Amino acid sequence: MNKSKFGRPFWSAIVVIFIWFGASGVFGPLFGSLSSVQTNDQESFLPASAESTIASREIAKFSDQNNIQLPALILFEGDVTQEKIIEVNAWLQSIPNKKIEKSDKTIGEFLTQGQPVVAYPSQDGKAILGSIPISLEAAGAQLENKEPVLPVIIKTIRDGVAEYSKNANWATSVTGPGAILGDLFGAFGGIDSTLLLTTLGVVSIILILVYRSPILWILPLVSAVFALSTAGGIIYLLAKAKALTLSGQSQGILSVLVLGAATDYALLLISRYREELHHHESVVDSMRVAYKGTFEPILASGLTVIAGLLVLLLSDLKGNQSLGPVGAIGIAASMVTILTLLPALLVVFGRWIFWPRIPKFDDRNAQLEGFWAKVGNLVARRPKPLAISTAVVLLILAGFSTTLKADGLSTTQAFTGKIDSVVGQEKLLKHFPGGQGQPTEIVVNQSSAEAVASAVSAISGVASIDYLRAGIELPGQPQPPIKVVQDKVILNATLDFAPDSEAARKLIPKIREVAKSVDKSVLVGGGSAVNYDVDVAAQHDNRTIIPIVLILIALILTVLLRSILAGAILLATVVLSYFATIGVCQLVFEHIFNFPGADTSFPLFAFIFLVALGIDYNIFLMTRVREESIRRGTREGVIRGLTVTGGVITSAGIVLAATFAVLGVLPLVFLAELGFAVGFGVLLDTIVVRSLLVPSIVRIMGKKIWWPSKLEN
């Protein structure tokens with residue numbers, strides 16, 4: 001036994017472990033409640049200056065408190081008669097009295113007050129459309145078990161509709177804004193269980209294969225879980241205090257980001273620790289040297305990702321702003337955990353934790369043998385052909401990036417499968433105008449309302465236009481009066497297209513232009529306008545944030561490597577890898593996955609993760625190359641650095657790629673696309689850019705790579 005094992009370093013490690021277990025006891029339960037503080041309302045993510053945001057404040061004045069609705073639409077397809085219309089309307093009156101699953105509450109407690117549950121026939125006589133006026137507040141309400149109430153309401157309605165339609169010979173679907181949002185909430189509900197468990201399973205399998213040890217893999221996994229629970233607990237407290245906004249999307253990315261990053265850092269530390277155990281008899285001395293060699297690259301890597309994420313605070317979209325601090329807290333927790341808890345665990349358990357491949361004190365470096373030694377020899381012999389060929393391949397792939405269709409996805413296109421609300425929306429278009437139930441709302445002075453209505457109704461794509469009235473028009477009853485508030489009225493423009501479709505979004509600027517040509521004070525809001533303003537804000541973010549992130553990463557690399565030229569070259573290789581990845585994404589999304597396109601935020605999110613995370617592997621490589629170059633010269637140092645870091649960096653890349661690929665288990669196109677992009681991009685960085693392109697460039701340039709600092713050749 002090592003004589004220093006029970007000295008001061010050992011007991012210090014024990015104290016660190018106890019502190020972490022205490023912190024886990026505090027933050028763990030909070031992490032379990034993280035979904036309860038989510039906000040997924042798209043409108044709330046827009047900047048206050050967006051026209052649809054300003055319009056929504058004006059529109060709210062026309063509704064009594066708690067009177068804004070998020071309708072669920074029930075489509076009944078079949079031959080329509082007057083008797084069937086009466087029968088369907090009579091059955092719909094039972095909906096408010098139905099008890100919600102997992103609760104003693106009824107659906108009626110979550111409906112908009114004063115709004116009737118009513119059904120209308122289609123003009124073609126082939127369908128009836130029922131409307132359930134769910135209150136907007138239901139979107140943020142929770143059941144007693146902390147589950148969001150909206151998906152449970154929608155499931156209860158679907159179960160009731162299925163039972164009724166079976167006996168009444170109707171083909172039915174539950175769709176509309178309420179159902180689509182409920183299905184979206186349900187998809188994010190998988191974050192707590194499906195996504196997290198799948199990610200942990202994937203990471204566990206990879207770690208077992210990497211270490212070929214029945215025990216060692218547990219330590220980095222436990223450390224990563226501690227990092228995730230700590231980050232989740234801190235984010236829960238901040239979200240509950242309204243200090244930040246947490247979306248389901250941000251929470252999903254948080255899990256894979258923390259588990260992936262923490263495992264990457266753990267792999268780097270353990271690899272260097274194993275290497276030093278061959279050179280030092282004491283585990284404490286081995287850890288001290290390993291810690292010194294990995295602290296700087298882990299810190300630089302983490303700060304690079306944090307800097308990239310925090311730039312998202314400059315975003316016009318609050319959803320992007322949300323991911324900035326959420327992701328930054330996750331990366332910070334990963335760094336702190338791996339730099340404190342994991343070293344303590346490794347020191348306490350000693351050499352035997354590596355069983356059955358226990359490293360002996362024999363001054364041998366097994367990393368200089370095997371596959372990566374052959375790769376190093378290849379780079380040493382043929383650096384120019386390797387650099388040119390890999391750069392050409394990346395440039396060809398990058399050329400396809402210009403064809404990526406990132407014009408945004410409708411809510412129905414957001415799902416990877418055909419769920420009921422999506423199918424129902426498609427069927428709805430066969431019988432009713434696409435915007436039925438969710439019109440574009442135009443706030444206008446009463447004096448110019450007729451002129452605005454006339455001008456807007458002439459626009460191709462506007463199916464009908466009518467005033468907002470002080471009540472619901474019922475069959476056989478007089479039309480309610482127009483509602484007027486502060487000499488303003490609302491014109492409801494029903495579009496020919498689904499309100500969240502690309503066609504509807506593209507119609508908004510035309511509607512605004514025509515309406516404002518009559519009355520400059522007009523405000524155009526509603527769901528389609530919100531979606532259009534989100535796209536505009538996302539495009540602004542792409543133009544603004546990406547250059548700032550590039551500048552920040554260039555500065556960090558320059559400081560870390562003490563070289564302007566090395567920083568610039570590394571950044572250029574990662575940017576090239578990013579565009580090559582986007583090119584591959586375009587080919588895969590269109591020709592293999594058959595996705596309709598990509599969200600407007602996809603290029604930005606892919607850039608943040610690919611560039612910020614992709615640069616990590618160059619940091620891990622080049623910090624070791626610089627260390628070796630001081631002793632051996634640059635041309636020999638790069639081969640040595642590549643050889644000794646090849647296995648661990650490739651393993652880290654596989655872990656991170658696999659964790660992001662797990663996003664595909666959620667039935668959401670955006671997360672599936674982001675998971676593929678980051679997964680493929682990380683593998684491209686580790687296997688091609690870091691293994692071949694960068695070492696070849698350094699080998700060719702020699703000591704010039706360190707300009708303006710000086711290292712011996």
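Everything quoted here is computed from the prediction, not taken from an experiment.

Each value, and the rule that gives it
Residues numbered from 1 in each chain as written. Predicted model: local features only at pLDDT ≥ 70, side-chain atom pairs only at ≥ 80, totals over all residues. Heavy atoms only, no water. Helix = DSSP H or I, 4+ residues; strand = E, 2+ residues; numbered from the N terminus. Rg over C-alpha atoms; globule rule 2.2 N^0.38 Å. Buried < 20%, exposed > 50% of the residue type's maximum accessible area, 1.4 Å probe, protein only. Contact = heavy atoms within 4.5 Å. Areas by Shrake-Rupley, 256 points an atom, 1.4 Å probe, with all protein chains shown as cover. Lys, Arg positive; Asp, Glu negative; His and termini not counted. Charge placed at Lys NZ, Arg CZ, Asp CG, Glu CD. Pairing = 2+ DSSP bridges. Axes fitted to C-alpha atoms, helices over the stretch in contact; angles between N-to-C directions. pLDDT = per-residue confidence, 0-100. Core = buried A, V, L, I, M, F, W, Y, C linked by side-chain atoms within 4.5 Å. Patch = residues over 30% accessible without salt bridge, like charges linked within 9 Å, V, L, I, M, F, W, Y side chains within 5 Å. Salt bridge = Lys/Arg side-chain N within 4 Å of Asp/Glu carboxyl O. Expected span 1.5 Å × (residues − 1). Bend = angle between axes of the 7 residues up to and from the residue. Parallel < 35°, antiparallel > 145°, perpendicular 65-115°, else oblique. Left-handed = near helix turned anticlockwise from the far one by under 90°. Nonpolar A, V, L, I, M, F, W, Y, C, P; charged D, E, K, R; others polar. Phe/Tyr/Trp six-rings, centres within 6.5 Å; stacked < 30°, edge-to-face > 60°.

Asks: If you had to explain the overall build of the chain to someone new, which residues and values would you point to?
Replies: A count of helices and strands for the chain gives 20 helices and eight strands. In terms of C-alpha radius of gyration, the chain reaches 29 Å, essentially the compact-globule figure of 27 Å for 713 residues. Considered along the principal axes of its C-alpha atoms, the chain spans approximately 95 × 50 × 45 Å. Out of the 713 residues belonging to the chain, those deemed buried represent 57%. For the chain, long-range pairs separated by at least 24 residues make up 82% of all intrachain contacts whose partners lie at least 6 apart in sequence. Total accessible area on the chain is roughly 28,600 Å²; 61% of this is exposed by carbon and sulfur atoms. Across the chain, 57 positive and 55 negative side-chain charges occur, with their mean positions spaced 14 Å apart.

Asks: Could you give an account of the sheet that holds strand 6 (residues 462-467), naming the residues involved and the relevant values?
Replies: Sheet architecture is open: four strands sit in the order 6-7-5-8, paired in antiparallel fashion. Two strands in the sheet have a free side with no partner beyond their single neighbour: strand 6 and strand 8 (523-525). When strand polarity is set aside, the average angle formed by the axes of neighbouring strands in this sheet is 25°. The sheet strands contacting helix 2 (residues 51-60) are strand 5 (440-445), strand 7 (488-495) and strand 8, and the helix crosses strand 8 at an angle near 95°.

Asks: So what's going on with the confidence of the model for the chain? Residues and values would help.
Replies: Reading predicted coordinates in detail is not appropriate for stretches of low pLDDT. Summary statistics for the chain give a mean pLDDT of 86 and a share of 94% for residues scoring 70 or more. By mean pLDDT, the top-scoring element of the chain is helix 12 (residues 383-399) (96), and the lowest-scoring one is helix 5 (residues 176-188) (80).

Asks: Now, about the nonpolar core: what can you tell me, with residues and values included?
Replies: Ile132, Phe602 and Phe609 are the most contacted members of the largest nonpolar core, which totals 192 residues. By residue number, the principal contributor to this core is helix 18 (residues 602-632), which donates 18 residues. With near-sequence residues (within four places) excluded, Phe602 lies in contact with Leu404, Ile582, Cys585, Phe589, Phe670, Glu673, Leu674 and Ala677. Membership of the second largest hydrophobic core comes to 20 residues, among which are Ile442, Ala453, Tyr467 and Ala493.

Asks: Give me the lowdown on a nonpolar patch on the surface, citing residues and values where you can.
Replies: Residues Ile388, Val392, Ile396 and Phe400 make up a contiguous nonpolar surface patch of about 370 Å² in total accessible area. Under the relative-accessibility criterion, Val392 is labelled partly exposed at 40%.

Asks: Talk me through the environment of Ile128; I want residue IDs and the actual numbers.
Replies: Relative to the elements of secondary structure, Ile128 occurs in strand 3 (residues 127-132). Put simply, Ile128 and Pro356 are 228 residues apart on the chain and 69 Å apart in space, counted from C-alpha to C-alpha. Among all residues touching Ile128, those that are not within four sequence positions of it are Ile74, Leu75, Phe76, Val80, Lys84, Ile85, Val88, Ala119, Tyr120, Pro121, Trp170 and Phe432.

Asks: Give a detailed account of the environment of Gln38, specifying residues and quantitative values.
Replies: With respect to the element layout, Gln38 can be found in the loop between helix 1 (8-32) and helix 2. Relative accessible area serves as the criterion here: at 18%, Gln38 is assigned to the buried category. Sequence spacing of Gln38 and Thr245 is 207 residues, and the spatial spacing of their C-alpha atoms is 7.3 Å.

Asks: Before we move on, could you go through the pattern of salt bridges and cite the residues and values that matter?
Replies: Across all of its chains, the model carries 25 salt bridges by this definition. In this structure, Glu51 and Arg512 form a salt bridge, with 3.5 Å as the shortest nitrogen-oxygen distance. Of this pair, Glu51 sits in helix 2 while Arg512 sits in helix 15 (residues 502-518); the two residues are 461 residues apart in sequence, bridging distant segments of the chain. Across the pair, exposure class does not vary: Glu51 and Arg512 are buried alike. Across the pair Glu627 and Arg631 runs a salt bridge, and its minimum N-O distance is 3.9 Å. You can see Glu627 and its partner Arg631 sitting in helix 18, four residues apart, about one turn around the helix. Given the relative accessible area of 53%, Arg631 is considered exposed.

Asks: Which residues make up the sheet that holds strand 2 (residues 118-121), and what are the values?
Replies: The strand order 2-3-1-4 describes an open sheet built from four strands, whose pairing is antiparallel. Every interior strand has two partners, whereas the edge strands, strand 2 and strand 4 (171-175), have only one. Direction aside, neighbouring strands of the sheet carry axes that sit 20° apart on average. The sheet contact formed by strand 1 (residues 72-77) and strand 3 spans six bridges and is antiparallel. Counterpart to Glu77 in the pairing with strand 3 is Ala127. Helix 4 (residues 149-168) rests against strand 1, strand 3 and strand 4 of the sheet, and its axis sits at about 170° to strand 4.

Asks: Break down helix 16 (residues 527-561) for me, citing the residues and quoting the values.
Replies: Along an α-helix, residues three or four positions apart point the same way, because every turn accommodates 3.6 residues. The end-to-end C-alpha distance of helix 16 is 49 Å, a good match for the 51 Å that 35 residues give at a rise of 1.5 Å each. Considering bend angle alone, the principal kink of helix 16 is centred on Asp541 and spans about 25°. Trailing helix 16 by a residue or two, Arg562 shows a phi angle of about 55°, which is positive.

Asks: Tell me what's going on with the packing of helix 6 (residues 194-211) against helix 8 (residues 248-277), and back it up with residues and numbers.
Replies: One way to put it is that helix 6 packs onto helix 8 with a least axis distance of 10 Å and a crossing angle of 15°. Considering the angle they form, helix 6 stands roughly parallel to helix 8. The interaxial crossing formed by helix 6 with helix 8 has right-handed handedness. Here Leu195, Leu196, Thr199, Leu200, Val203, Leu207, Val210 and Tyr211 of helix 6 lie close against helix 8, whose contacting residues are Gly252, Ser255, Val256, Leu259, Thr263, Ala266, Leu267, Ile270 and Arg274. Residues of the contact of helix 6 with helix 8, tallied by class, amount to 12 nonpolar, four polar and one charged.

Asks: Outline the side chain of Arg699, listing residues and values.
Replies: Looking at the element boundaries, Arg699 is found in helix 20 (residues 669-701). Residue class for Arg699 comes out buried when judged on its relative accessible area of 16%. The residues contacting Arg699, other than those within four sequence positions of it, are Val379, Ala380, Pro383, Arg635, Glu636, Val638 and Ile639.

Asks: Lay out the packing of aromatic side chains with the relevant residues and their values.
Replies: Considering all chains together, one arrives at 22 aromatic pairs under this definition. On the numbers, 6.2 Å between centres and 85° between planes, the contact of Phe76 with Tyr164 is edge-to-face. Within this pair, whereas Phe76 is found in strand 1, its partner Tyr164 is found in helix 4, the two being separated by 88 residues in sequence. The exposure classification of Phe76 matches that of Tyr164, with both residues buried. Between Phe605 and Phe670, the aromatic rings sit 5.4 Å apart at their centres with planes inclined by 80°, giving edge-to-face as the arrangement.

Asks: Tell me about helix 18, residues and numbers included.
Replies: Spanning 31 residues, helix 18 covers 43 Å between terminal C-alpha atoms, matching the ideal 45 Å at 1.5 Å per step. Burial within helix 18 is extensive, with 27 of its 31 residues counted as buried.

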